[in-house]
Amino acid sequence: PTSSGGLSWLSSLSSFYLSCPTMISQLFLLSPRGDSIIHRDYRGELDRSTTEIFFKNVKFFQGKHQEAPPIFNIDGVNYMYMKKNGIFFVMTSISNISPSLAMEFLLRVTKVFKDYCGVFSEESIRSNFLLLYELLDEIMDNGFIQGTSSDTLKAYIFNEPVVVEKKKMKFQLPKFNPKTTSSDATNKPISFKHSNQGGRDEIFVDIFERVSLTFNSNGNVLHSAIDGTIQMKSYLSGNPDLKLALNEELTIGKGTAQGSFGVVEIDDCNFHECVRLDDFDSQRIISFTPPDGEFVVMNYRITNDFRVPFRIFPFFELSSPYKVELIVKIRADIPENNSGTNIVVQFPVPKSTSSASSTTGIGVTGQTTEYDSKKQLVTWKIKKMGGGTEQTLRTKIVLTKPHTSNVRKEIGPVSLQFEVPLYNPSNLQVRYLRIMSNGMGTTNPYRWVRYVTKSQAYVCRL
């Protein structure tokens, strides 16, 4: 093209960027107390008072004692935030920015920070603020997003991380099983894989499954689904190719298994861009070269029948016109060698409730109950529950007025939160993880595989 044509094209491109609605004015991090830990102003459009305005409104939104939504507007300024480990990640813009883009960008920034700091906490952020400012300058330029890939950013980052270790207990249990490692082992900065500080070559594979279930009042399943993720973090030197093999009896597409025994049926799945699927259809083998940082190899979803980890059974007793008794029984239908941890059961009570008292079984330890009169919510916490066991909570509710036939509808639903390590209800398994040697790393790196099941939306209707 001619010189004038080139200038015209350049002028049009400049006009496009100037009118682009994805410009970000500021990005800052606040502590739970409202202290500004990191503050980066990209465009000079707003002053630093935005941090105070944000913290005031996030705690008392619209003058009420309630938390603000993830995105809100005050005096023409859009505030978008995400809370991670008590830290507020906040982004401001005077443009009409896409909400989904804003939240996805904040999520990726938190992942990049964790990749480069190892541990994500207020202490690690304060210890690595030079590194994090360097990352923010490379991630964004003049309010325009440049890239959030930890693997790509490593070529432009020169500050070394300051490692912040978690506080250790005075009494340490001895390690009886050399085939296991601490869950804190993944809390190493990714830059350590290129230095002598990181120790041995190793790779971590996590299979996370989030279970959504809806029960009726009889304990029967109305809806069930599993959202699964295969997540990986690599500390291998030399970036070798990997082969991850899943169940041979794995079918994709609902109804394809046709009741065959031992077959794992998933509805659909998607893969990371680095994955090669040459052998996936025939052998269920995923090949890839892992990028730096933590990344998701595969996402999958299951809606067919599977073994329910926990069952909820509610029972009603109307002892008098002013008293209602609700009995909630929880049964762990997981294998006996597994245990559920961090179990929390919650249910709301009628608005006319004057008091609610709860009791657990005789001689039971590791359980607490609480009634919040302001929220009118009963909470039951269980530290640990073994497979094949049952626990019962009996709650006596005293009303200020006689109950009606609709009192059952005013109580509940009962929600359940839990975590089960070393177990996944889908039975999706990693057959092997093979590291193809390229002559640059160790010949036999450590491979760690972990299975974790968590509740996502676990509800029993009353």
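Residues numbered from 1 in each chain as written. Predicted model: local features only at pLDDT ≥ 70, side-chain atom pairs only at ≥ 80, totals over all residues. Heavy atoms only, no water.

## Re the overall build of the protein chain
So, step 1. Per the secondary structure count, the protein chain includes eight helices and 26 strands.
So, step 2. The proportion of buried residues among the 462 residues of the protein chain is 45%.
So, step 3. Look at the contacts in the protein chain between residues 6 or more apart in sequence, and 69% of them connect residues 24 or more apart.
So, step 4. Accessible surface, the protein chain: about 24,500 Å² in total, of which carbon and sulfur atoms supply 51%. (Helix = DSSP H or I, 4+ residues; strand = E, 2+ residues; numbered from the N terminus. Buried < 20%, exposed > 50% of the residue type's maximum accessible area, 1.4 Å probe, protein only. Contact = heavy atoms within 4.5 Å. Areas by Shrake-Rupley, 256 points an atom, 1.4 Å probe, with all protein chains shown as cover.)

## Topic: the side chain of Ser 150
So, step 1. Of note, Ser 150 is situated in helix α6 (residues 150-153).
So, step 2. At a separation of 2.8 Å, a polar atom in the side chain of Ser 150 contacts the side chain of Asp 115. (Polar contact = N/O pair within 3.5 Å; in protein donor to acceptor, adjacent residues only side chain to side chain.)

## With respect to the packing of aromatic side chains
So, step 1. Inspection of the entire model under this criterion finds 18 aromatic pairs.
So, step 2. When the ring of Phe 54 is compared with that of Tyr 79, the centres are 6.3 Å apart and the planes differ by 25 degrees; the resulting orientation is stacked. Of the two residues, Phe 54 is situated in helix α2 (residues 49-59) and Tyr 79 in strand β4 (residues 77-84); the sequence distance between them amounts to 25 residues.
So, step 3. The class for Tyr 79 is buried, based on a relative accessible area of 1%.
So, step 4. With a centroid separation of 4.8 Å and an interplanar angle of 45 degrees, the aromatic rings of Phe 310 and Phe 418 are classed as tilted. Of this pair, Phe 310 sits in strand β17 (residues 310-320) while Phe 418 sits in strand β24 (residues 414-421); the two residues are 108 residues apart in sequence, bridging distant segments of the chain. There is no split in this pair, since Phe 310 and Phe 418 are both buried.
So, step 5. An aromatic cluster is built from Phe 28, Phe 54, Phe 55, Phe 61, Phe 72, Tyr 79, Tyr 81 and Phe 88, whose rings are joined through pairwise contacts.
So, step 6. Over the ring of Tyr 42 we find Arg 40, and its NZ or CZ is 5.1 Å from the ring centre. (Phe/Tyr/Trp six-rings, centres within 6.5 Å; stacked < 30°, edge-to-face > 60°. Lys NZ or Arg CZ within 6 Å of the ring centre and 35° of its normal.)

## Notes on the confidence of the model for the protein chain
So, step 1. Put simply, the protein chain has an average pLDDT of 85, and 85% of its residues get 70 or more.
So, step 2. Taken as a whole, residues 1-7 scores under 50 in pLDDT and shows zero contacts with residues more than four places along the chain or in a different chain.
So, step 3. Contacts from residues 9-20, a stretch scored under 50 in pLDDT, to residues over four places away or in other chains number four contacts. (pLDDT = per-residue confidence, 0-100.)

## Observations regarding the pattern of salt bridges
So, step 1. Using the criterion set out here, one finds 18 salt bridges in the structure.
So, step 2. In this structure, Lys 243 engages Asp 279 in a salt bridge whose closest nitrogen and oxygen atoms are separated by 3.9 Å. Within this pair, whereas Lys 243 is found in strand β10 (residues 241-246), its partner Asp 279 is found in the loop between β14 (275-276) and α7 (280-283), the two being separated by 36 residues in sequence.
So, step 3. Take Lys 243: its relative accessible area is 22%, and that puts it in the partly exposed class.
So, step 4. Taken together, the salt bridges that share partners define one network made up of Arg 33, Asp 35, Glu 122 and Arg 126. (Salt bridge = Lys/Arg side-chain N within 4 Å of Asp/Glu carboxyl O.)

## So, unusual backbone geometry
So, step 1. Cis geometry is adopted by the peptide bond preceding Pro 413, which originates at Gly 412 and carries an omega value of 5 degrees.
So, step 2. Phi is positive for Asn 85, which is not a glycine, with a value near 50 degrees.
So, step 3. By the secondary structure assignment, Asn 85 is in the loop between β4 and β5 (87-93).
So, step 4. Although it is not a glycine, Leu 422 sits at a positive phi angle of roughly 60 degrees.
So, step 5. Following the sequence through the fold, Leu 422 ends up in the loop between β24 and β25 (430-436).

## Observations concerning the environment of Thr 251
So, step 1. For Thr 251, the position within the fold is in strand β11 (residues 250-252).
So, step 2. Thr 251 gets classed as buried once you look at its relative accessible area, which sits at 19%.
So, step 3. Considering only alpha carbons, one finds Thr 251 and Ile 266, 15 residues apart in sequence, at a separation of 6.3 Å.

## Considering the side chain of Asn 128
So, step 1. As for its placement among the helices and strands, Asn 128 is situated in the loop between α4 (122-127) and α5 (129-139).
So, step 2. Accessibility expressed as a relative area gives 2% for Asn 128, which makes it buried.
So, step 3. In this view, Asn 128 contacts Cys 117, Glu 160, Pro 161 and Val 162; residues no more than four positions away in its chain are not counted.

## As for the pairing of strand β19 (residues 339-348)
So, step 1. Sheet analysis places β19 next to strand β22 (residues 377-386), joined by nine bridges and oriented antiparallel. Of the residues in β22, the one forming a bridge with Val 345 is Trp 380.
So, step 2. Where β19 lies against β24, four bridges are found, and the strand directions are antiparallel. By the bridge assignment for β24, Val 345 is matched with Leu 416. (Pairing = 2+ DSSP bridges.)

## Section: the nonpolar core
So, step 1. Ranked by internal contacts, the top residues of the largest apolar core, which has 63 residues, are Ile 230, Leu 246, Phe 288, Phe 310 and Tyr 458.
So, step 2. Per-element tally for this core: the top contributor is strand β8 (residues 202-215), with six residues.
So, step 3. The residues touching Tyr 458, leaving out its near neighbours within four places in the chain, are Val 211, Leu 213, Phe 215, Val 308, Pro 309, Phe 310, Ile 312, Val 414, Ser 415, Leu 416 and Phe 418.
So, step 4. If you look at the next biggest cluster of nonpolar residues, it comprises 30 residues, including Leu 27, Val 109, Ile 139 and Met 140. (Core = buried A, V, L, I, M, F, W, Y, C linked by side-chain atoms within 4.5 Å.)

## Brief notes about the sheet that holds strand β21 (residues 367-372)
So, step 1. In spatial order, the strands read β13-β16-β9-β8-β26-β24-β19-β22-β21; together these nine strands make up an open sheet with mixed pairing. Edge strands, defined here as strands with exactly one partner in the open sheet, are β13 (268-271) and β21. Adjacent strand axes in the sheet meet at a mean angle of 15 degrees when their direction is disregarded.
So, step 2. Here four bridges tie β13 to strand β16 (residues 294-302), and the two strands are oriented antiparallel to one another. (Axes fitted to C-alpha atoms, helices over the stretch in contact; angles between N-to-C directions.)

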